[in-house]
Structures are given as C-alpha cells and as structure tokens.
Amino acid sequence: MKSIYLIILLLSLFFLSCSKKETENKEVNNKTFIWKSELKDSDIPDTPIKGFLNGREIDFSYINFEEWRGSGDNVINFSSLKPKNNCGYIENDNAFNLMKKAGVIDTGEVMKANFDQNLDGFIASYKISDSLKSESKQAPGWNCVLLITSKDEKTVKGKIAMCFKDDKKSWIAGTFEAIRCYN
C-alpha cells in the first residue's frame, strides 16, 4: 500500500515539474519588450503589437501594408485610428511607419541593428497628433528588425521591433497582421 502512495507521489511531482517548465518557456517567448539602441531578431516578443509614442502607450486599431504602383514604394503603417474605408487616408492619428522607397518589402528579415547603421532605401518615422488636431511627423534616428512571415493577396503577417532615438524613447514591437492595400 505504501508503494502505491509513493508511486502516486512521484508521478504527481513529475507532472508538476513538466508543467512548470512549459509555463517557464511560454514566459520566455512572451517577454516584455524594452527600448534598445541595439536590436537583434530575438528581441521581438511573440505578443501582439504594442508601442510607446512620445512617452505614452499607444494602441493600434489599424495596420496596413501599402504597395504604391506609381512610385513602387512599400509602406507598413501602424495607426491608432481606423480609416472610414480600408486602405483610406487617416487624419490626426498617432502612427508609426516603415517605408521602402521604390522597392519591395518581401518575406524574410530586414535588419537595421543600430541607429548608426544605414539601410538603403528604408525610411522610418512616426506621427503625433494632439488634441488641437495638429500633426507632427518625426524621423529621428531609428533601428529595426522586421520579419515578414507571409504575404497573400489580402494580408501581410509578421513581427517587428523598432526603436527611435528620441527623448521619450518611442518604440513599437510584437506580431502583426496587416491589411494589404494597392494604391
């Protein structure tokens, strides 16, 4: 009888230790992002996109991936507001964007690990709107790791970590699904 209790006790301890390791692994993959002057791909959290802009947390209501037919520019926009129609213009929002001038952002990784590094054709900026409906576009030094995991006719999926070299240490990081727009 004692041996049955001992077996049950040992099995219980075994299962508890396995579930604890599983929880620890989830916590590692869902780490909280912090602003960094040097980024690597492992810094991107596996959590939905979050950000801080001008010292305040920002929630993203709309994310799109624009392909401009005339100029050939590709732009990923992360906005605090939704347009009236998908792929429409948004006024007075708070937003981050990453643009590839006259070039495609394809599946795979794009990395600008630090503020001093150059990434040909890429431009990053953010836009801040105030209560008076005044907008200010900023393009301070930036770094970025972008991983596009899939693209189809309607959506683009991926993850990003991008930090700006501003006084308030603005950043955006996490996983996203963007609506694909052809302008």
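Scoring rules and cut-offs
- Residues numbered from 1 in each chain as written.
- Predicted model: local features only at pLDDT ≥ 70, side-chain atom pairs only at ≥ 80, totals over all residues.
- Heavy atoms only, no water.
- Phe/Tyr/Trp six-rings, centres within 6.5 Å; stacked < 30°, edge-to-face > 60°.
- Helix = DSSP H or I, 4+ residues; strand = E, 2+ residues; numbered from the N terminus.
- Buried < 20%, exposed > 50% of the residue type's maximum accessible area, 1.4 Å probe, protein only.
- Lys NZ or Arg CZ within 6 Å of the ring centre and 35° of its normal.
- Pairing = 2+ DSSP bridges.
- Contact = heavy atoms within 4.5 Å.
- Disulfide = S-S within 2.5 Å.
- pLDDT = per-residue confidence, 0-100.
- Core = buried A, V, L, I, M, F, W, Y, C linked by side-chain atoms within 4.5 Å.

Engineer: Any chance you could explain the packing of aromatic side chains here in plain terms?
Structural biologist: Here the distance between the centres and the angle between the planes together describe a pair of aromatic rings. For the structure on display, the rule yields nine aromatic pairs. The interplanar angle of 70° and the centroid separation of 6.1 Å between the aromatic rings of F60 and F78 together place this pair among those described as edge-to-face. Note that F60 is positioned in the loop between β2 (56-58) and β3 (62-67) and F78 in strand β4 (residues 74-79), a separation of 18 residues in sequence. By relative accessible area, F60 is classed as buried at 16%. With a relative accessible area of 0%, F78 lands in the buried category. Geometry around W142 places K112 over its ring, the cationic atom sitting 4.6 Å from the centre.

Engineer: So what exactly am I meant to see when it comes to the pairing of strand β5 (residues 95-100) here?
Structural biologist: The two faces of the sheet receive side chains in turn, since in a regular strand these alternate between them. The element β5 is largely enclosed, with a buried count of six among its six residues. Residues A95, N97 and M99 point to one face of β5 and F96, L98 and K100 to the other, with burial holding for every one of them. Here β4 pairs with β5 via six bridges, running antiparallel. By the bridge assignment for β5, I76 is matched with L98. Pairing of β5 with strand β7 (residues 122-129), which is carried by six bridges, proceeds in the antiparallel orientation. Counted as the bridge partner of F96 is Y126 from β7.

Engineer: How do you make sense of the environment of P83 when you look at a structure like this?
Structural biologist: With respect to the helices, strands and loops of the structure, P83 is situated in the loop between β4 and β5. The class of P83 is buried, set by a relative accessible area of 12%. Counting along the chain gives 21 residues from P83 to Y62, while the straight-line C-alpha distance between them is 8.0 Å. Residue contacts for P83: discarding those within four places in its chain leaves Y62, G88, Y89 and I90.

Engineer: Could you clarify how one ought to interpret the side chain of T155 in this entry?
Structural biologist: Inspection of the secondary structure assignment puts T155 in strand β10 (residues 155-164). Here T155 falls in the buried class, since its relative accessible area comes to 16%. Other than its neighbours up to four places away in sequence, T155 contacts S150, E177, A178 and R180.

Engineer: What is the right way to read the state of the cysteines from this model?
Structural biologist: Two cysteines form a disulfide when their sulfur atoms are joined by a covalent bond. Counting across every chain of the model gives one disulfide. Between C144, a free cysteine, and C163, which holds the nearest cysteine sulfur, the sulfur-to-sulfur gap is 9.1 Å. On the basis of relative accessibility, which here comes to 0%, the residue C163 falls in the buried class.

Engineer: I would appreciate a short explanation of the confidence of the model for the protein in the present structure.
Structural biologist: Any region with low pLDDT has predicted coordinates that should not be read closely. Counting all residues, the mean pLDDT for the protein is 86, and 81% of those residues have values of 70 or more. Taken as a whole, residues 19-29 scores under 50 in pLDDT and shows two contacts with residues more than four places along the chain or in a different chain.

Engineer: Looking at this structure, I do not really get the nonpolar core. What am I missing?
Structural biologist: A general feature of soluble globular proteins is that nonpolar side chains tend to end up buried together. Among the nonpolar cores identified, the biggest contains 28 residues, and F78, F96, L98, W142, L146, I160 and M162 are the most heavily contacted of them. Taken together, the elements giving at least two residues each to this core come down to β3, β4, β5, β7, β9 (142-151), β10 and β11 (171-182). Every residue in contact with L146, bar those within four places of it in the chain, is listed here: I76, L98, I105, G108, E109, V110, K159, I160 and F176. L39, A161, W171 and A173 belong to the second-largest nonpolar core, a separate cluster that totals eight residues.

Engineer: What's the story with the side chain of S79 in this structure? I'm lost.
Structural biologist: Looking at the secondary structure, you find S79 in strand β4. With near-sequence residues (within four places) excluded, S79 lies in contact with D59, F60, S61, Y62, I90, D93, N94 and A95.

Engineer: It is not clear to me how the environment of D167 should be interpreted in this structure. Could you clarify?
Structural biologist: Topologically, D167 is positioned in the loop between β10 and β11. Spatially, the C-alpha atoms of D167 and N54 are 8.2 Å apart, while their sequence positions differ by 113 residues.

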